Amino acid sequence: MSLLVAADAPTLVVVSHPRADSLTRAALDRVLAGLEHAGAPVELLDLDAEGFDPVLTLEERRGHLTHTPADRPELVPHIEALQGARRLVLVYPTWFGGQPARLKGWFDRVWMNEVAFDLPPGADRLRPRLRNLREIHVVTTHGSPRWINAVQGNPGKMRLFRAMRNTCHPLCRPRWTALYDLDSLDRSEIEAWLDRVERRFG
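Being a predicted model, the structure only gives us computed values, none of them experimental.

Asker: Before we go on, may I ask you to explain the nonpolar core in this structure?
Answerer: Burial of nonpolar side chains together is a common tendency in soluble globular proteins. Core analysis: the biggest nonpolar cluster contains 34 residues, and Leu12, Val14, Leu82, Leu90, Trp106, Trp111 and Leu160 have the highest contact counts within it. Of all elements in the fold, only strand 1 (11-15), helix 3 (76-83), strand 3 (87-93), helix 4 (101-110), strand 6 (135-141), helix 6 (155-163) and strand 7 (173-179) reach the threshold of two or more residues within this core. Those residues in contact with Leu82, other than ones at most four positions away along the chain, are Leu12, Trp106, Val110, Trp111, Val115, Leu130, Asn132 and Leu133. Counting 16 residues, the second-largest nonpolar core is a separate cluster that includes Val13, Val89, Trp193 and Phe201.

Asker: Please explain the side chain of Ser22 as it appears in this structure.
Answerer: The residue Ser22 is located in the loop between strand 1 and helix 1 (23-38) in this model. You can call Ser22 buried: its relative accessible area is 10%.

Asker: Which parts of the structure should I look at to understand the pattern of salt bridges?
Answerer: When their charged atoms lie close together, side chains carrying opposite charge are able to pair. Under the definition given, this model contains 16 salt bridges. Overlapping salt bridges, with partners in common, bring together Arg30, Arg187, Glu191, Asp195 and Glu198 in one network.

Asker: Explain the packing of helix 1 against helix 7 (residues 187-201) here, please?
Answerer: Helix-helix packing: each pair is described by the crossing angle between the helix axes and the interaxial distance. Orientation of helix 1 relative to helix 7, taken along the N-to-C sense of each, is 30 degrees, at an axis distance of 7 Å. The crossing of helix 1 and helix 7 is right-handed. For the pair helix 1 and helix 7, the contacting residues are Leu23, Ala26, Ala27, Arg30, Val31, Ala33, Gly34, Leu35 and Ala38 in the first and Ile190, Glu191, Trp193, Leu194, Asp195, Val197, Glu198 and Phe201 in the second. Counted by class, the contact of helix 1 with helix 7 contains twelve nonpolar, one polar and four charged residues.

Asker: It is not clear to me how the pairing of strand 3 should be interpreted in this structure. Could you clarify?
Answerer: Each regular strand displays side chains that alternate between the two surfaces of the sheet. Counting buried positions along strand 3 gives seven out of seven residues, so the element sits mostly inside the fold. The two faces of strand 3 match: Arg87, Val89, Val91 and Pro93 on one face and Leu88, Leu90 and Tyr92 on the other face are all buried. Bridge count between strand 1 and strand 3: five bridges; the pairing is parallel. Paired with Val13 across the bridge in strand 3 is Val89. Here strand 3 pairs with strand 6 via seven bridges, running parallel. Considered in strand 6, the bridge of Leu88 is made with Ile136.

Asker: Just to check I follow, could you spell out helix 4 for this structure?
Answerer: In an α-helix, one full turn covers 3.6 residues, which means residues spaced three or four apart are oriented alike. Buried within helix 4 we find Leu103, Gly105, Trp106, Phe107, Arg109 and Val110. Tucked inside the fold, the buried residues of helix 4 contact strand 1, strand 2 (42-46), helix 2 (58-62), helix 3, strand 3 and helix 6.

Asker: Is there a simple way to explain the environment of Asn132 in this structure?
Answerer: Note that Asn132 resides in the loop between strand 5 (127-128) and strand 6. Using a relative accessible area of 2% as the deciding quantity, one classes Asn132 as buried. For the pair Asn132 and His169, spaced 37 residues apart in the sequence, the C-alpha separation amounts to 6.4 Å.

About the cut-offs
- Residues numbered from 1 in each chain as written.
- Predicted model: local features only at pLDDT ≥ 70, side-chain atom pairs only at ≥ 80, totals over all residues.
- Heavy atoms only, no water.
- Core = buried A, V, L, I, M, F, W, Y, C linked by side-chain atoms within 4.5 Å.
- Buried < 20%, exposed > 50% of the residue type's maximum accessible area, 1.4 Å probe, protein only.
- Helix = DSSP H or I, 4+ residues; strand = E, 2+ residues; numbered from the N terminus.
- Contact = heavy atoms within 4.5 Å.
- Salt bridge = Lys/Arg side-chain N within 4 Å of Asp/Glu carboxyl O.
- Axes fitted to C-alpha atoms, helices over the stretch in contact; angles between N-to-C directions.
- Left-handed = near helix turned anticlockwise from the far one by under 90°.
- Nonpolar A, V, L, I, M, F, W, Y, C, P; charged D, E, K, R; others polar.
- Pairing = 2+ DSSP bridges.

Rendered as C-alpha cells:
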C-alpha cells in the first residue's frame, strides 16, 4: 500500500555525529535555521543524542523479510517519523567513503519490511513503500578532495541515491550538498560553505 502525505508534511532531519562541537553540528544548525526561515515544519532525529543502537541483531536479520513494525516497538517513533515526512534530510560526516555506523544502522534497522519495502511471496524484487518521500537531501563533509571520492566510486552517495532511493516515490529527487577537501580549507572557506547550506534550505 502506498503512503499519501500532505504537501505540508514535515521535513525529517536525521543527524549523526558524536561531537557537539563538530562541523556536522554546525551544518545542522544552518539546515534548521534555513528551514525555520522558510517556514517549513521540521522533525529532528538526533541519533547520537538518543543513543540509537545501530546493531542489527541476529534475530532482526533472521526476520528481515518477515518482521513488521509491531515486532520492533522501540523503532516505532523512527518509523512513524520516516513514513510521515515528505522530505528527508541527512546530515553527517563521510567516513571511509560512507555514513557513520549509527546512520548506516538506522537504515539497516528502520528501513525494514512493511516500512521501506514489501517483498510478496514469489516476487523477485522489492516493492517500494516510502512513496511519501519526494526528496532526499544529503549534507555531508569529506576530508579528502572530490576527485578521490570519484575514484572510489562515491560509495556513500551511490548507496543513498541508487539503493535507498529505490524504496521511495518514483519521482523522489536526490540532492547532494557536500564540502570536499575539508582538511585543506581555512575557516573563511568553511564559513562560506555553511552560509550556502543555510541559503539552500531557506
